[in-house]
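Listed below are the residues making up each chain.
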Amino acid sequence: MAEETVYQRLKAAGVSRRDFLKACGGLAAVMGLQGAPPVAASGLPAHLARGGDPAPLIARALATKARVPVIWLELQDCAGCSEALTRSHSPTLTDLVLNSITVEYHETLSAAAGFQAEEAKQAAMKKYAGKYVLVVEGSIPDDGIYCNIGGRSALEILKEAAAGAAAIVATGNCSAFGGLPKASPNPTGARGVWEIIKDKPVVNISGCPAIPEAFTGTLAHFLIFGALPELDELHRPKTFYGHTVHDRCLRRPFYEAGKFANTFDDEGARQGWCLYKLGCKGPTTYNACAGIKWDAGLSFPIQSGHPCLGCSQPDFWDGGGFYQGQSAPLGRPGIGVAAAAAGIGLVAGAGMAVANRAQKKAGGEA
Ligand code: SF4
Ligand code: SF4
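Because the structure is predicted, anything quoted here is derived from the model rather than measured.

Examining the sheet that holds strand β2 (residues 101–106)
- Pairing within the open sheet is parallel, and its five strands lie in the order β2-β1-β3-β4-β5. A strand with exactly one partner marks an edge of an open sheet, and here the two such strands are β2 and β5 (202–205). For this sheet, the mean angle separating the axes of adjacent strands, direction not counted, is 25 degrees.
- Where strand β1 (residues 68–74) lies against strand β3 (residues 132–137), five bridges are found, and the strand directions are parallel. Each residue of the ladder has a partner; that of I71, found in β3, is L134.
- Running at roughly 155 degrees to β3, helix α9 (residues 154–163) makes contact with β1, β3 and β4 (165–171) of the sheet.
- Here helix α11 (residues 212–225) sits on the sheet and contacts β1, β2, β3, β4 and β5; the angle it forms with β4, its principal contact strand, is near 170 degrees.

See below:
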């Protein structure tokens, strides 16, 4: 018997055709598939790269394709990425993606436990050999001492599950880059998945936690196109990690004007000025927070008055202190290229001129 398609599954759950098509449009937007620039950047087939509406293609794919089997490992983690995903506030979109996959094994969400759960995982790995997506949450410690599950080491469990995977999604900073467990002095020898598994495609959805839409958008890309999206040099999807937080930050005009908060309760903080001097890592952090935001687009840390900690970058825990004052703006990494790509319209020369002006002001501005 043919396997149930995504649309059949949603229809059986009472989702109307209209809501399904609406969700496909939302999914296209999250995946960065609307409009020529993001489409071109996402490495799509030529007919889509010309800027056509991708929603009908997504709808067609979801109406005809069987759901993707997923095996989800939790290793050295806090389950925060699972929490963020299951608490996601875009129910239609999240439902769409979560109905697009069958979670065959998830240590936290599975009803089964102990031997029963381990047997279910073994059965799923056999049944879907070469076809399943392996999702990994949490870092991997040195073999044999820490994080043993069912009498087996995390490293052994990862290698076994990776062997039959079509692709691996490392979600959260821990599984991508080692995260908090890797913070100095890294007592467990924690590492990210891509440092260990070299013979399978690995995509890193970094963040602490990962933005749910970045995770679901990546899974949806795999389901619809049968391949991972275009990645940056740290294996992160360019659609979600192609710009710094600073590139799209709502406090950016204050940065450009040289207006910085010096304490969390001064006049600058009250006026919503730039948080760079309070340790903001936005200029060197690649993530989609300032665009997608959190809680259904309600806000993100900088909007709420907290500097970016750089949680989607490698080794951010050891980056020299979260709130360490920075006396003047950096050399503005990527401002010319990234800001221009974001449509801000700055060119490198003008960007540096503004940077120099801001740098001068940063010394004197209260
Ligand atoms: S330094 Fe931080 S708060 Fe200031 S504009 Fe950049 S990202 Fe926003
Ligand atoms: S603003 Fe920075 S620290 Fe906060 S969630 Fe986004 S990338 Fe992470």
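And the narrative resumes.
A look at the pattern of salt bridges
- Applying the stated rule across the entire model yields eight salt bridges.
- The salt bridge involving R270 is made with E267; its shortest N-O contact spans 3.4 Å. Separated by three residues within a single helix, R270 and E267 lie in helix α14 (residues 267–270), roughly one turn from each other.
- Of the residues examined, R270 reaches a relative accessible area of 59% and is grouped as exposed.
- Residue classification places E267 among the partly exposed positions, given a relative accessible area of 43%.

Points about the site of ligand 1
- Close to ligand 1 lie H246, C249, R251, R252, Y255, C274, L275, Y276, C280, G282, P283 and I302, which account for all nearby residues.
- For the shell around ligand 1, a count of residues per class yields eight nonpolar, two polar and two charged.

Points about α9
- Along α9, the residues classified as buried are A154, L155, I157, L158, A161 and A162. One side of α9 holds all its buried residues, which, seen down the axis, span an arc of 160 degrees.
- On its buried face, α9 sits against β1, α8 (114–127), β3 and β4.

With respect to the packing of aromatic side chains
- Scanning the entire structure with this criterion turns up eleven aromatic pairs.
- An angle of 65 degrees between the planes, with centres 6.1 Å apart, marks the rings of F177 and W194 as edge-to-face. With a gap of 17 residues between them, F177 in helix α10 (residues 173–177) and W194 in the loop between α10 and β5 connect regions that are remote in the sequence.
- Between the aromatic rings of F316 and F322, the centroid separation amounts to 6.1 Å while the plane-to-plane angle is 20 degrees, which identifies the pairing as stacked.

Regarding α11
- Given a rise of 1.5 Å per residue, 14 residues ought to cover 20 Å, and the 20 Å separating the end C-alpha atoms of α11 matches this to within 8%.
- Counting buried residues along α11, 13 of its 14 residues qualify, which places the element largely inside the surrounding structure.
- The first or second residue beyond α11 is G226, which carries a positive phi of 70 degrees.

Structural notes on the side chain of S312
- Residue position: S312 is located in the loop between α15 (289–292) and α16 (335–341).
- Looking at S312, its side chain comes within polar contact range of the main-chain oxygen of Y286, at 2.8 Å.
- Not counting residues within four places of it along the chain, the set of residues in contact with S312 comprises N173, F177, S206, G207, R236, Y241, T285, Y286 and N287.

Section: unusual backbone geometry
- Cis geometry marks the peptide bond from S184 to P185, where omega comes out at 15 degrees.
- Mapped onto the elements, P185 comes out in the loop between α10 and β5.
- Notably, A79 is not glycine yet its phi reads approximately 70 degrees, a positive angle.
- Taking relative accessible area as the criterion, A79 reaches 15% and is therefore assigned buried.
- Despite not being glycine, D315 shows a phi value in the positive range, around 55 degrees.
- With respect to the helices and strands, the residue D315 is situated in the loop between α15 and α16.
- Residue D315 is classed as partly exposed on the basis of its relative accessible area of 39%.

Focus on the nonpolar core
- Ranked by internal contacts, the top residues of the largest apolar core, which has 52 residues, are I58, L62 and I224.
- No other element matches α11, which puts seven residues into this core.
- Both domains that furnish three or more residues to this core are identified here as domain 1 (68–241) and domain 2 (246–364).
- Sequence-distant contacts of I58, defined by excluding residues within four places in its chain, comprise C24, L27, A28, M31, L33 and I224.
- L155, L158, A161 and A170 belong to the second largest nonpolar core, which has 29 residues in total.

Concerning the packing of α8 against α9
- For the pair α8 and α9, the least separation of the axes is 9 Å and the interaxial angle reads 30 degrees. Accordingly, the angle class assigned to the pair α8 and α9 is roughly parallel. Where α8 approaches α9, its residues K121, Q122 and M125 are matched on the opposing element by I157, E160 and A161.
- Tallied by class, residues from the contact of α8 with α9 come to three nonpolar, one polar and two charged.

Quick word on the environment of S175
- In this fold, S175 is placed in helix α10.
- Between the C-alpha atom of S175 and that of E74, which follows or precedes it by 101 residues, the distance is 9.2 Å.
- Apart from residues no more than four positions distant in its own chain, S175 is found in contact with V136, E137, G138, S139, A170, G192 and V193.
- At 2.9 Å, the side chain of S175 forms a polar contact with the backbone oxygen of V136.

Criteria and cut-off values
Residues numbered from 1 in each chain as written. Chains lettered and ligands numbered in written order. Predicted model: local features only at pLDDT ≥ 70, side-chain atom pairs only at ≥ 80, totals over all residues. Heavy atoms only, no water. Pairing = 2+ DSSP bridges. Helix = DSSP H or I, 4+ residues; strand = E, 2+ residues; numbered from the N terminus. Axes fitted to C-alpha atoms, helices over the stretch in contact; angles between N-to-C directions. Contact = heavy atoms within 4.5 Å. Salt bridge = Lys/Arg side-chain N within 4 Å of Asp/Glu carboxyl O. Buried < 20%, exposed > 50% of the residue type's maximum accessible area, 1.4 Å probe, protein only. Near = heavy atom within 4 Å. Nonpolar A, V, L, I, M, F, W, Y, C, P; charged D, E, K, R; others polar. Arc of directions from axis to C-beta. Phe/Tyr/Trp six-rings, centres within 6.5 Å; stacked < 30°, edge-to-face > 60°. Expected span 1.5 Å × (residues − 1). Polar contact = N/O pair within 3.5 Å; in protein donor to acceptor, adjacent residues only side chain to side chain. Core = buried A, V, L, I, M, F, W, Y, C linked by side-chain atoms within 4.5 Å. Domains from an automatic or database assignment. Parallel < 35°, antiparallel > 145°, perpendicular 65-115°, else oblique.

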